[in-house]
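Overview (structure and organization)
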Amino acid sequence: MFPALIPLIPFISAFLLMLGWKRFDRIGVTVIGCGSIGLAAIVAIIIAMQFAANGEQAIVQHAGNWLEAGGFKTGFDFRMDALSVVFVLVITIVGFLIHVYASGYMHDDPDYARFFACMNLFVGAMLTLVMADNLLLLYFGWEGVGLCSYLLIGFWYKDPANGYAARKAFIVTRIGDTAMAIALFMLFQYTGTLSIPGILENSTQIWSVNDGVVTIIALLLLGGAVGKSAQLPLQTWLPDAMAGPTPVSALIHAATMVTAGVYIIARTHTLFELAPAAQTTTAVIGAITLVLAGFSALVQTDIKRVLAYSTVSQIGYMFLALGCGAWSAAVFHFVTHAFFKALLFMAAGAIIVALHHEQDMFKMGGLKKQLRGVYWVFLVGCASLAAIPFITAGFYSKDQIIWLSWSAAGGHVGFWLAALLGALLTGMYTFRMFFLVFYGEEKTKVHHRPGSSMMIPLYILAVLSTVAGFIELPHTMGHVTLFSNWLQPVLPAVTVLHESLSMEWTSQALSALLALGGIGLAYAWVVKHPKGMSDFLEMPAIMWLRGYWSRGWDFDELYNVLLVRPFVYLSRINRRDLIDTFYIGLAAFMEWCHNVLARTQSGLLRWYILGVVLGAVAILSVLIWRIYI
């Protein structure tokens, strides 16, 4: 098996759908669109088994040369090691389930083929990103997922709001992409290579710990990660990205784009270990982001925006773990998050379709009896997101991050408190959403019930959201380390400075109690005392605070005041400058010439013949004059 086949299969299917979309009926589009991702998943599983059988020896394939100039040479080199195997399996398996679900969700859309072409291109770009053996190929995949996010967020382009959301995502992430590109230039300048293994090997010989150059490079890489993963201060694009179809939201949030930042930091961990300031900055950004996004999720009314802010918050947990040096814990939470977040988005999509595309949670309610299957899978997803103790995958991955945010070498009590506050907020906003949707009075009638193509992927993800956590158990619960052992050849083991079973039990008990307490508060808020809570929420100060949080802490307005409006103002002043006047004059002159020539097109044949004759006479006169003079 060749690793290059894994991204190649989605790319081929995407181009087939792009070029021959008029020739394929819906069954053909479904077979090509879903089947290609399923085939990529099968190939990925086979290669993963080969990798494990070979003693976890990295598999590298050189699929061809790309660029060669002077001393620089790079190719299409794909690498399968312990880290990329994890990401590839999640991307292909979860991506396949999302595609199957999308075949039911998007069945009546007139642009069915275009949708699957963009989705497959998206998966192919993300697979290229995580399998690249050099940073240039990685950057190709990095920009590819940015392009595909633009195409898919603005998929229903006839609505101007969707086009705005797509442009916003593209432009905001471009800030991080620019930082990433500068980091690549600097790495090549100082290491002489863009090969990822070569950079990681050379960096320890070129730079010492806290060297200024490696710190700048790590901060630039962090800038790229912050943009793609929607972390502070570039988090504003992700909630608006809900303009795209729900399967797109599931793919972006669970298996592709927003996890790219987590991957690049984990992949270049050696550079961050040489730059403690950049690593601490990563943890600080993650801690602040997870809290701010948690408060914003707490007051949303749109079910998809709750899940969007939840993703920002959960990615914040991953950044916190990376910044504390808990590399495998961050990747472990990526895996469990992919399962339960894909489940929640797809279940939310089933609800939205059932209620004739209604997304306002306050217009839902009473759906427990009407959508029994969706009720149970949504409950499983909410339980895992809220990290209900012992029985959910989310508990084991999040608990590990919470504990290590204090006990790891890069940990701090402030990080630990932020993670605990995040656990409380997650329980509150998750089950506020759950109770609003499924309990209380029925406000909107169910118009459509999801079919098997939508429900089967939900059942599979519900199982994975429950059992996936048992591959990595803490010291206090059996000390199973299958996942961290798998990543040991690629990512260094976490250094625990405060190793204490009693403190670990205390941390676990606190996180569990806060999660359950958040659920209890949500129950009292929505189900038990809705009238009293409504009166409280309508107090002027509370209403202002709710509005402030619901607008994402007014980061959009802040950027409009500081950046957008001054830029637009200066552009309007400068639109009639000397340079523009020259080109405007040139264009006006061309237009005048066009109008003059257009007048000769009278449509009268005799005038055209006269013109040809006069032209011939003129040419002959010039030739005769040159001969005899």
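Residues numbered from 1 in each chain as written. Predicted model: local features only at pLDDT ≥ 70, side-chain atom pairs only at ≥ 80, totals over all residues. Heavy atoms only, no water.

**Quick notes on the overall build of the protein chain**
Definition in use: Every helix listed is a DSSP run of H or I at least four residues long, and every strand listed is a run of E at least two residues long, numbered separately from the N terminus. Radius of gyration means the value over C-alpha atoms here, while the globule rule gives 2.2 Å times the residue count to the 0.38 power. Residue exposure (1.4 Å probe, protein chains only): buried if accessible area is under 20% of the type maximum, exposed if over 50%, otherwise partly exposed. Note on contacts: a residue pair qualifies if any of its non-hydrogen atoms lie within 4.5 Å across the two residues. Only four residue types enter the charge count, namely Lys and Arg as positive and Asp and Glu as negative; His and the chain termini do not. In this description, the location of a charge corresponds to atom NZ of lysine, CZ of arginine, CG of aspartate or CD of glutamate.
Helix and strand counts for the protein chain stand at 26 helices and two strands. The C-alpha radius of gyration computed for the protein chain amounts to 28 Å, which stays within 12% of the reference 25 Å derived for 629 residues, consistent with globular compactness. Taken along its principal axes, the extent of the C-alpha atoms in the protein chain is 110 × 65 × 50 Å. Going through the 629 residues of the protein chain one by one, you find that 55% of them count as buried. A fraction of 80% describes how many contacts in the protein chain between residues 6 or more apart in sequence connect residues 24 or more apart. Each charge class in the protein chain was averaged separately, 35 positive and 33 negative side chains, and the resulting centres sit 11 Å apart.

**Focus on the packing of aromatic side chains**
Where we set the bar: Any Phe, Tyr or Trp ring, taking Trp's six-membered ring, that has another such ring centre within 6.5 Å forms a pair; planes under 30 degrees apart are called stacked, those over 60 apart edge-to-face, and the others tilted. Throughout this description, the term charge over a ring refers to an Arg CZ or Lys NZ atom that lies within 6 Å of the ring centre and within 35 degrees of the ring normal.
Evaluation of the coordinates by the stated rule reveals 38 aromatic pairs. On the numbers, 6.0 Å between centres and 80° between planes, the contact of tryptophan 66 with phenylalanine 140 is edge-to-face. Highlighted residues: tryptophan 66 in strand β1 (residues 59-69) and phenylalanine 140 in helix α5 (residues 135-153), separated in sequence by 74 residues. According to the relative accessible area criterion, tryptophan 66 is partly exposed, its value standing at 30%. Among the aromatic residues, those joined into a ring-pair cluster are Tyr375, Trp376, Phe378, Phe431, Phe434, Phe435, Phe438, Tyr439 and Tyr523. Its end group placed over the ring of phenylalanine 170, arginine 174 keeps NZ or CZ at 4.0 Å from the ring centre.

**Here's the deal with the environment of leucine 184**
Turning to its location among the elements, leucine 184 is positioned in helix α6 (residues 160-191). The exposure class assigned to leucine 184 is buried, which follows from its relative accessible area of 8%. Note: C-alpha distance between leucine 184 and leucine 221 (37 residues apart in sequence) is 8.6 Å. For leucine 184, the contacting residues outside a window of four places in its chain are Leu135, Tyr139 and Leu194.

**Focus: helix α19 (residues 452-467)**
Under the convention used in this document: An expected span of 1.5 Å times one less than the residue number is assigned to each helix. Arc, as used here, means the arc of the directions from the helix axis to the C-beta atoms.
The terminal C-alpha atoms of α19, which comprises 16 residues, lie 23 Å apart, in line with the 22 Å expected from a rise of 1.5 Å per residue. Those residues of α19 lying buried are Met454, Met455, Pro457, Leu458, Leu461, Ala462 and Ser465. All buried residues of α19 project into a common sector of 160° when viewed along the axis, lining one side. Summarising the contacts, the buried residues of α19 are in contact with α3 (82-105), α15 (327-354), α16 (372-386) and α17 (393-407).

**Notes on the environment of alanine 125**
Looking at the element boundaries, alanine 125 is found in helix α4 (residues 112-131). For alanine 125, the contacting residues outside a window of four places in its chain are Phe11, Gly141, Gly144 and Val145.

**Some words on the packing of helix α8 (residues 212-228) against helix α11 (residues 260-267)**
Our working rule: The convention used is that axes are lines fitted to C-alpha atoms, helices contributing only their stretch in contact, and that angles between N-to-C directions extend from 0 to 180 degrees. Working definition: roughly parallel below 35 degrees, roughly antiparallel above 145 degrees, roughly perpendicular at 65 to 115 degrees, and oblique for all remaining angles. In the scheme used here, Gly and all other residues not listed as nonpolar or charged are polar, with Ala, Val, Leu, Ile, Met, Phe, Trp, Tyr, Cys and Pro taken as nonpolar and Asp, Glu, Lys and Arg as charged.
One can describe the packing of α8 onto α11 by two numbers: an axis separation of 7 Å at closest approach and a directional angle of 155°. As judged from the angle between their axes, α8 and α11 are roughly antiparallel. Touching Leu222, Ala225 and Lys228 of α8 are Ala260, Gly261, Ile264 and Ile265, all from α11. Grouping the constituent residues of the contact of α8 with α11 by class yields five nonpolar, one polar and one charged.

**Considering the side chain of serine 507**
Its location among the elements puts serine 507 in helix α21 (residues 501-528). Those residues in contact with serine 507 that lie beyond four places of it in its chain are Ile402, Trp403, Trp416 and Leu420.

**So, a nonpolar patch on the surface**
So the rule is basically this: Patch definition: residues above 30% relative accessible area lacking any salt bridge, with like charges linked at up to 9 Å and the nonpolar side chains Val, Leu, Ile, Met, Phe, Trp and Tyr linked at up to 5 Å. The Shrake-Rupley method, run with a 1.4 Å probe, gives the accessible areas here. Residue values count only the displayed protein chains as cover. Salt bridges are identified by distance alone: a Lys or Arg side-chain nitrogen within 4 Å of an Asp or Glu carboxyl oxygen.
Taken together, the side chains of Leu604, Leu605, Trp607, Tyr608, Ile609, Leu610, Val613, Leu614 and Val617 make up a nonpolar region of the molecular surface, amounting to roughly 850 Å² of accessible area. Of note, leucine 605 is situated in helix α26 (residues 605-628).

**Some thoughts on α15**
We count it as follows: The angle between axes fitted to the seven residues ending at a residue and the seven residues starting there is what we call the bend at that residue.
Over its 28 residues, α15 runs 40 Å from end to end, which matches the ideal 40 Å to within 8%, given 1.5 Å per residue. At histidine 337, α15 is deflected by roughly 25°, the largest bend along its length. The buried fraction of α15 is high, at 28 of 28 residues. A positive backbone phi angle near 60° is found at histidine 356, which sits one or two residues after α15.

**A look at the packing of α16 against α19**
Here is the rule we go by: In this scheme, a crossing is called left-handed if the near helix is turned counterclockwise away from the far one by less than a right angle; it is called right-handed if the turn is clockwise.
The contact between α16 and α19 brings their axes to 9 Å, and the two run at 30°. With respect to their mutual orientation, α16 and α19 come out roughly parallel. The chirality of how α16 crosses α19 is left-handed. Residue-level contacts link Gly373, Val374, Val377, Val380 and Ser384 of α16 to Met455, Leu458, Tyr459, Ala462, Ser465 and Thr466 of α19. The residue makeup of the contact of α16 with α19, split by class, is seven nonpolar, four polar and no charged.

**Examining the side chain of histidine 333**
Mapped onto the fold, histidine 333 is located in helix α15. Contact partners of histidine 333, with chain neighbours within four places excluded, come to Gln314, Tyr317, Met318, Phe340, Ser397, Lys398 and Ile401.

**Looking at the nonpolar core**
What counts is decided by this rule: For the purposes of this section, nonpolar cores are sets of buried Ala, Val, Leu, Ile, Met, Phe, Trp, Tyr and Cys residues that join through side-chain atoms within 4.5 Å.
Judged by nonpolar contacts, the single largest core of 222 residues is most densely connected at Leu138, Trp237, Ile303, Ile351 and Phe378. In terms of residue count, α15 provides more of this core than any other element does, 22 residues in total. Beyond its immediate stretch of four places on either side in the chain, isoleucine 351 contacts Ile303, Met364, Leu367, Leu371, Val374, Phe378, Val437 and Phe438.

**Examining the state of the cysteines**
To keep it simple, the criterion reads: Two cysteine sulfur atoms form a disulfide, by the criterion used here, when they sit within 2.5 Å.
A full pass over the atoms with the stated rule returns zero disulfides. The structure places no disulfide on cysteine 34, whose sulfur is separated from the nearest cysteine sulfur, that of cysteine 118, by 15 Å.

**Points about the pairing of strand β2 (residues 72-80)**
Note the following rule: DSSP calls a pair of strands paired once it identifies at least 2 bridges connecting them.
The buried fraction of β2 amounts to seven of the nine residues, a majority that puts the element mostly inside the structure. As defined by bridge partners, β1 adjoins β2 across eight bridges and the pair is classed as antiparallel. Residue pairing for β2: alanine 69 is matched across the bridge by phenylalanine 72. Between the antiparallel neighbours β1 and β2 lie two residues, among them glycine 70 with a positive phi of about 60°.

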